[in-house]
Every structure is written in C-alpha cells, then in structure tokens.
Amino acid sequence: MFIDVTCRVCGWSDPGDPEELWHGGTPLHAVCDCCGSESGVQDVSWRTALRARKAWVDGGAPWFAPGARPGDWDLSAQLEKVRSRRVPTPG
Ligand SMILES: [Zn+2]
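It should be emphasised that the depicted structure is a prediction, and the values quoted were computed from it without experimental measurement.

Cut-offs applied
- Residues numbered from 1 in each chain as written.
- Predicted model: local features only at pLDDT ≥ 70, side-chain atom pairs only at ≥ 80, totals over all residues.
- Heavy atoms only, no water.
- Donors = N, O, S within 2.8 Å, 3.2 Å for Na, K, Ca; no water.
- Helix = DSSP H or I, 4+ residues; strand = E, 2+ residues; numbered from the N terminus.
- Buried < 20%, exposed > 50% of the residue type's maximum accessible area, 1.4 Å probe, protein only.
- pLDDT = per-residue confidence, 0-100.
- Core = buried A, V, L, I, M, F, W, Y, C linked by side-chain atoms within 4.5 Å.
- Phe/Tyr/Trp six-rings, centres within 6.5 Å; stacked < 30°, edge-to-face > 60°.
- Salt bridge = Lys/Arg side-chain N within 4 Å of Asp/Glu carboxyl O.

**Quick notes on the coordination of the zinc ion**
Every protein donor of the zinc ion is accounted for by Cys7 (SG), Cys10 (SG), Cys32 (SG) and Cys35 (SG), and the metal-donor separations fall at 2.3 Å. Sequence spacing of the donor residues for the zinc ion, all on one chain, is C-x2-C-x21-C-x2-C. Within this pair, whereas Cys7 is found in the loop between strand E1 (3-4) and strand E2 (22-23), its partner Cys32 is found in the loop between strand E3 (26-27) and helix H1 (46-58), the two being separated by 25 residues in sequence. Residue classification places Cys7 among the buried residues on the basis of a relative accessible area of 4%. Using a relative accessible area of 3% as the deciding quantity, one classes Cys32 as buried.

Right, dumping it as structure tokens:
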C-alpha cells in the first residue's frame, strides 16, 4: 500500500510528525501545514498540483501554519525535491 506523506504541491513533509495525505489511491483530505493545499483537491492531478504550486510560490510561498515552519526551512531545496518526485496520481 502506497502511503504518501509528502505534499504534492509544495513538497513539505513534517520530519517529526509526517501526516498521511494519500493512502493508496485515496486522498485523505489533509491540509498541508506549509502551502495549505488539501490532498485530493489541489493535488488531484499533476496539472492541478503544478498550478497550485505556481500560485503559492508566486504569492511568496506563505506558510499555512507558520508555527510548523522549521527554523532552517529552505524553500528552494523543498521545491527541488518535489519537482524530482514522480508519484502516480489518478487523473
Ligand atoms: Zn504543501
């Protein structure tokens, strides 16, 4: 069973407390602490995820839950990681 704990929009995954976003092919409608995307909504396809990522980055990449932001958070490293991911998505 494929469990995805990394946001498909922004690439965030809480290293201390990873949240399940997708379980197999089913989105759990969890909201990303980083970009605020909801699994199964903005990330339902690569196209919608890319669009949401662009809108988020263009808006200054604000944290949805600023308290969850690590002190050494690196936006470009995170984006690099998400761009290199290839995860099967429905649609
Ligand atoms: Zn995110």
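**Side note on the confidence of the model for the protein**
Mean pLDDT for the protein: 91, with 93% of residues reaching 70 or above. When pLDDT is averaged over each helix and strand of the protein, the minimum, 90, is found for E1 and the maximum, 96, for H1.

**Focus on the nonpolar core**
Membership of the largest hydrophobic core comes to 18 residues, with the highest contact counts inside it found for Cys7, Cys10, Trp12, Cys32, Cys34, Cys35 and Trp56. For this core, the secondary structure elements donating two or more residues are H1 and helix H2 (75-83). Among the elements that make up this core, the one with the highest residue count is H1 (3 residues).

**Quick notes on the packing of aromatic side chains**
What the rule picks out here adds up to 2 aromatic pairs. Ring geometry for Trp12 and Trp63: centres 4.8 Å apart, planes at 75°, overall edge-to-face. Note that Trp12 is positioned in the loop between E1 and E2 and Trp63 in the loop between H1 and H2, a separation of 51 residues in sequence. Both residues of the pair, Trp12 and Trp63, count as buried. Note on Trp63 and Trp73: the rings are 5.2 Å apart at their centroids and 85° apart in plane angle, and the pair reads as edge-to-face. Note that Trp63 is positioned in the loop between H1 and H2 and Trp73 in the loop between H1 and H2, a separation of 10 residues in sequence. A relative accessible area of 14% means that Trp73 is categorised as buried. An aromatic cluster is built from Trp12, Trp63 and Trp73, whose rings are joined through pairwise contacts.

**Things to note about the pattern of salt bridges**
Here the structure, examined in full by the defined rule, presents 2 salt bridges. With a closest N to O distance of 2.6 Å, Asp58 and Lys54 form a salt bridge. Taken as a pair, Asp58 and Lys54 lie in helix H1 at a separation of 4 residues, close to a single helical turn. Lys54 carries the same exposure label as Asp58, and that label is exposed.

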